[in-house]
Amino acid sequence: MFFLRNNGNAAAMNIGLMGGTFDPIHMGHLVTAEEARQQFDLNYVIFVPTGTPPHKEKETISLPEHRYLMTSLAVMSNPYFFVSTVEINTEAPTYTIDTVRHFSGSEKEGPEVYFITGADAILEIFTWKDYEELLRLCTFIAVSRPGYSLDRFRETLNRAYPEMVNKVHLLEIPALAVSSTYIRERVALGKTIKYLTPEPVEQYIKKHGLYLSG
Ligand code: NAP
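Since we're looking at a predicted model, the values are computed, not measured.

Undergrad: When you look at the overall build of the protein in this model, what are you seeing that I'm missing?
TA: Tallying secondary structure elements over the protein gives eight helices and six strands in all. In the protein, 76% of the contacts between residues at least 6 apart in sequence involve partners at least 24 apart. A total accessible area of about 11,700 Å² is found for the protein, and carbon and sulfur atoms account for 50% of it.

Right, here's the structure in full:
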């Protein structure tokens, strides 16, 4: 449950939903959320760790409790950042449309919702549940790391999904050179992950022996 303060003016509220597996959360995610907050004038950014992602059922990902707690530790020092349990509180597969409906609220003048996630994931949006409604309900911020061709992304978007062009903003974040996969691989190899993720997250990973088997 969130109590979002906006001086009583609900219509003016912009919220960012930062969707991801966060296994684990890292500096790239935090830099991304802060950059999006500033560029899109967001009142808050709410991190939403995925529960059982519909597209990843067979893969091994860390327990939702671990990913939620690491995300909470990581956002602790930023007054604009929050973490939601809305997706991890259910055993059933979770869909972005349900999360966006949850935060959009039932009121006509609900907050303006921006869904922030990786550009790769957003290019697949036409396979997501109720994507037409999703496109009506929110604006997407597609984030890419260096080396990912935004030109190719734009071209694909213009060619295949012209109706999405105005609903998707692109954001290139150099700090996203760090990835969750890279961190997991380093832990498995016994290499340091200092400065790639906030220190409390690094300590949490050590304490719970996460990622040791790669
Ligand atoms: P993913 O396949 O784990 O990640 C795809 C790429 O995007 C990775 O390179 C990842 O890097 C990056 N990424 C993920 N979240 C990011 C974020 N918030 N900011 C910047 N980069 C990010 O994708 P995922 O995490 O499973 O899914 C992303 C979001 O899309 C989730 O909220 C998920 O629920 C949603 N989704 C919904 C549906 C549906 O409703 N049917 C289907 C697919 C995805 P890192 O590994 O370093 O994070």
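Undergrad: Just checking my understanding: could you explain the packing of aromatic side chains for this structure?
TA: Each aromatic ring pair is summarised here by two numbers: the centre-to-centre distance and the angle between the ring planes. The tally for this structure, following the rule as stated, stands at nine aromatic pairs. Plain terms: the ring middles of F22 and F47 are 5.8 Å apart, the flat faces sit at 50° to each other, and that makes the pair tilted. Residue F22 is found in the loop between strand 1 (14–20) and helix 1 (27–39), and its partner F47 is found in strand 2 (residues 44–49); the two are separated by 25 residues along the sequence. Here F22 matches F47 in class, with each residue buried. Ring geometry for W128 versus F140: centroids 6.4 Å apart, planes at 75°, classification edge-to-face. Taken together, the residues span a long stretch of sequence, with W128 in the loop between helix 4 (119–123) and helix 5 (131–137) and F140 in strand 5 (residues 138–144) at a distance of twelve residues.

Undergrad: Please explain the pattern of salt bridges as it appears in this structure.
TA: A side chain of one charge can pair with a side chain of the opposite charge if their charged atoms are brought near each other. This structure, assessed with the given rule, holds nine salt bridges. The partner of D98 in a salt bridge is R101, with the nearest N and O atoms 3.2 Å apart. Taken together, the positions of D98 and R101, both in helix 3 (residues 96–104) and three residues apart, correspond to about one turn of that helix.

Undergrad: Explain the packing of helix 2 (residues 64–75) against helix 8 (residues 199–207) to me, please; I cannot follow it from the model alone.
TA: The packing of two helices is summarised by the inter-axis angle and the distance between the axes. Between helix 2 and helix 8, the shortest axis-to-axis distance is 8 Å and the interhelical angle comes to 155°. Compared by their axis directions, helix 2 and helix 8 come out roughly antiparallel. In the crossing of helix 2 with helix 8, the sense of the turn from one axis to the other is right-handed. Packed against helix 2, whose contacting residues are E65, H66, L69, M70, L73 and A74, the element helix 8 presents P200, V201, Y204 and I205 at the interface. Taken together, the residues of the contact of helix 2 with helix 8 break down into eight nonpolar, one polar and one charged.

Undergrad: Explain the side chain of T96 to me, please; I cannot follow it from the model alone.
TA: Residue placement: T96 occurs in helix 3. Looking at T96, the relative accessible area reads 15%, which means it is buried.

Each value, and the rule that gives it
Residues numbered from 1 in each chain as written. Predicted model: local features only at pLDDT ≥ 70, side-chain atom pairs only at ≥ 80, totals over all residues. Heavy atoms only, no water. Helix = DSSP H or I, 4+ residues; strand = E, 2+ residues; numbered from the N terminus. Contact = heavy atoms within 4.5 Å. Areas by Shrake-Rupley, 256 points an atom, 1.4 Å probe, with all protein chains shown as cover. Phe/Tyr/Trp six-rings, centres within 6.5 Å; stacked < 30°, edge-to-face > 60°. Buried < 20%, exposed > 50% of the residue type's maximum accessible area, 1.4 Å probe, protein only. Salt bridge = Lys/Arg side-chain N within 4 Å of Asp/Glu carboxyl O. Axes fitted to C-alpha atoms, helices over the stretch in contact; angles between N-to-C directions. Parallel < 35°, antiparallel > 145°, perpendicular 65-115°, else oblique. Left-handed = near helix turned anticlockwise from the far one by under 90°. Nonpolar A, V, L, I, M, F, W, Y, C, P; charged D, E, K, R; others polar.

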